[in-house]
Amino acid sequence: MEETNTKKEFNFKNGIRKYGMLIALAVIMILFAVLTDGISLKPLNITNLILQNSYILILAIGMLLVIITGNIDLSVGSVAAFVGAIAGYMMITLNMNYIVAIIISLLVGALIGALQGAIIAYIKVPAFIVTLGGMLAFRGLTMVTLQGRSLAPFPEGLRALSSNFMPDFFSGTSLHITTITIGLIFSAIYIIVEFKKRGAKIKYNLKVENINMFIIKLGMVVLMINLFTYTLAAYKGIPAILIVLSVLTLLYSYITKKTIFGRHIYAIGGNEKAAKLSGIKTKKVLLMVYVNMGILAAISGIAFAARLNAATPKAGNGFELDAIAACYIGGASASGGVGTVIGAIIGGLVMGVMNNGMSILGVGIDWQQAIKGVVLVLAVIFDIYTKSGNNETK
């Protein structure tokens, strides 16, 4: 009996593998807090960290689905810039209502995704080639649309996306009480859900973490949630863009874990031929993944333009690499079939915290790029090590 129970439980090493990136994020944040004398953890800096990285995290969510299918999208930065340029042209040059302009911009993003997805899925042109072409084409169209100049300012309604905060319904003075309350509510929900999941696994005789590792994980996540919300509460509370990002994270976590469409995405990434033989419409699923990527690229482009309060020809430069890096650092596999939305968000935050911390320390952009490259390679090595460890266990 004792041996059977041991087989059912994950050992400490497996726990480290599963929660390695969450631990890494905490360690990196503590490290930069020490190196910057606490500046990196100040409420204003944490808020700026969210505002500066929100559009990358939005892209990372869409990129994750693409990577899970075993493909890639190099065009997302250019698409985000192009959509931002179109939105700026409609709102500023044509004086169009910003809500109508946003809807049209999202449709443009969806059409771009559909075009690229159709070429990849039905004509069978490799995703790398199609999206590399898209990266060049939409960068050029961005410059054509803007005629080499920036368009500004955007309407107040759109700027609110990047500058407004959730109101405090409890009228706090030094602290934003609503933000703290939300943190406590999310903590309680998280604990209940995790205990229910553990109970269900035990009921069906599935593997579960060692109880000590389980409690440590719960405590660590709850602590991070409440430290995060307390820090936000000490400034102005929850930014509007964080609400958008949170909704997208919850929505796509549900889609990938609980829906047939999500299971089909993982099946295609695991073995596309087998998925097709099992009755999955692989071409249609792949097309929808790229349509989704186009829509999220459009949201990212609008969010970035709102933060800059301008549509610029240089917008979106390097966004695709940051989004891809966030997915790989967060545990997605380069061969497809593996990855989680939360992992991609954590990977994006690791990159964001590093960028922010190095900037505060005065590290040059050249060294920042070099360090980010090393971290990306180390993350992929960690992924390979984890897989080899799991195979040895089996």
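Residues numbered from 1 in each chain as written. Predicted model: local features only at pLDDT ≥ 70, side-chain atom pairs only at ≥ 80, totals over all residues. Heavy atoms only, no water.

A. Molecular detail of helix α6 (residues 98-121). In this model α6 runs 34 Å from its N-terminal to its C-terminal C-alpha over 24 residues, within 8% of the 34 Å that 1.5 Å per residue would give. Every buried residue belonging to α6 is among Ala101, Ser105, Val108, Gly109, Ala110, Ile112, Gly113, Gln116, Gly117, Ile120 and Ala121, and all of these are buried. In this fold, the buried residues of α6 make contact with α5 (76-93), α7 (127-146) and α14 (282-308). By the N-cap criterion, in which a side-chain oxygen at the helix start approaches the backbone nitrogen of a residue two or three places on, α6 is capped by Asn97, the distance to Ile99 being 2.9 Å. (Helix = DSSP H or I, 4+ residues; strand = E, 2+ residues; numbered from the N terminus. Expected span 1.5 Å × (residues − 1). Buried < 20%, exposed > 50% of the residue type's maximum accessible area, 1.4 Å probe, protein only. Contact = heavy atoms within 4.5 Å. Polar contact = N/O pair within 3.5 Å; in protein donor to acceptor, adjacent residues only side chain to side chain.)

B. Representation of the environment of Pro126. Relative to the helices and strands, Pro126 is located in the loop between α6 and α7. On the accessibility criterion, Pro126 (48% relative accessible area) is partly exposed. With 20 residues separating them in the primary sequence, Pro126 and Leu106 have C-alpha atoms 25 Å apart.

C. Spatial organisation of the packing of helix α4 (residues 43-68) against α14. For the pair α4 and α14, the least separation of the axes is 9 Å and the interaxial angle reads 175 degrees. Taken together, the axes of α4 and α14 are roughly antiparallel relative to one another. Across from Leu51, Gln52, Tyr55, Ile58, Leu59, Ile61, Gly62, Met63, Leu65 and Val66 in α4, the residues of α14 making contact are Val289, Tyr290, Asn292, Met293, Leu296, Ala297, Ile299, Ser300, Phe304 and Arg307. In terms of residue class, the contact of α4 with α14 is built from 15 nonpolar, four polar and one charged. (Axes fitted to C-alpha atoms, helices over the stretch in contact; angles between N-to-C directions. Parallel < 35°, antiparallel > 145°, perpendicular 65-115°, else oblique. Nonpolar A, V, L, I, M, F, W, Y, C, P; charged D, E, K, R; others polar.)

D. Representation of the side chain of Thr179 in the model. Looking at the secondary structure, you find Thr179 in helix α9 (residues 177-203). Of the residues examined, Thr179 reaches a relative accessible area of 0% and is grouped as buried. At 2.8 Å, the side chain of Thr179 forms a polar contact with the side chain of His176. Within polar-contact distance, the side chain of Thr179 engages the backbone nitrogen of Ile238 at 3.5 Å. Setting aside anything within four residues of it in sequence, one finds Thr179 in contact with Thr229, Leu232, Ala233, Gly237 and Ile238.

E. Fine view of the pattern of salt bridges. Taken as a whole and judged by the stated rule, the model has five salt bridges. Notably, a salt bridge pairs Glu156 with Arg159, separated by 2.6 Å at the nearest N-O pair. Taken together, the residues span about one helical turn, with Glu156 and Arg159 both in helix α8 (residues 156-163) at a distance of three residues. Here Glu156 falls in the partly exposed class, since its relative accessible area comes to 48%. Taking the shortest distance from any N to any O, the salt bridge between Lys197 and Glu194 comes out at 3.4 Å. In this pair, Lys197 and Glu194 are both assigned in helix α9, three residues apart and thus about one turn of the helix distant. Overall, the relative accessible area of 40% leaves Lys197 in the partly exposed class. (Salt bridge = Lys/Arg side-chain N within 4 Å of Asp/Glu carboxyl O.)

F. Structural context of the packing of helix α3 (residues 20-35) against helix α16 (residues 341-360). Running from N to C, α3 and α16 point in directions that differ by 15 degrees, and their axes come no closer than 10 Å. Between α3 and α16, the angle is such that the two are roughly parallel. Classified by chirality, the crossing of α16 by α3 is left-handed. On the side of α3, the interface is formed by Met21, Leu22, Leu25, Ile28, Met29 and Phe32, while α16 contributes Ile346, Leu349, Val350, Val353, Met354, Gly357 and Met358. (Left-handed = near helix turned anticlockwise from the far one by under 90°.)

G. Summary view of unusual backbone geometry. Ala152 connects to Pro153 through a cis peptide bond whose omega is -5 degrees. Structurally, Pro153 can be placed in the loop between α7 and α8. Unlike most non-glycine residues, Lys124 shows phi in positive territory, near 70 degrees. Within the element layout of this structure, Lys124 appears in the loop between α6 and α7. Positive phi values are uncommon outside glycine, yet Asn309 reaches one of about 60 degrees. You can see Asn309 is positioned in the loop between α14 and α15 (319-329).

H. Summary view of the environment of Leu287. For Leu287, the position within the fold is in helix α14. Overall, Leu287 belongs to the buried group, its relative accessible area being 19%. Considering only alpha carbons, one finds Leu287 and Gly113, 174 residues apart in sequence, at a separation of 7.9 Å. Setting aside its immediate chain neighbours within four residues, Leu287 contacts Ala114, Gly117, Ala118, Ala121 and Tyr122.

Function cannot be inferred from these measures alone, as they are strictly geometric.
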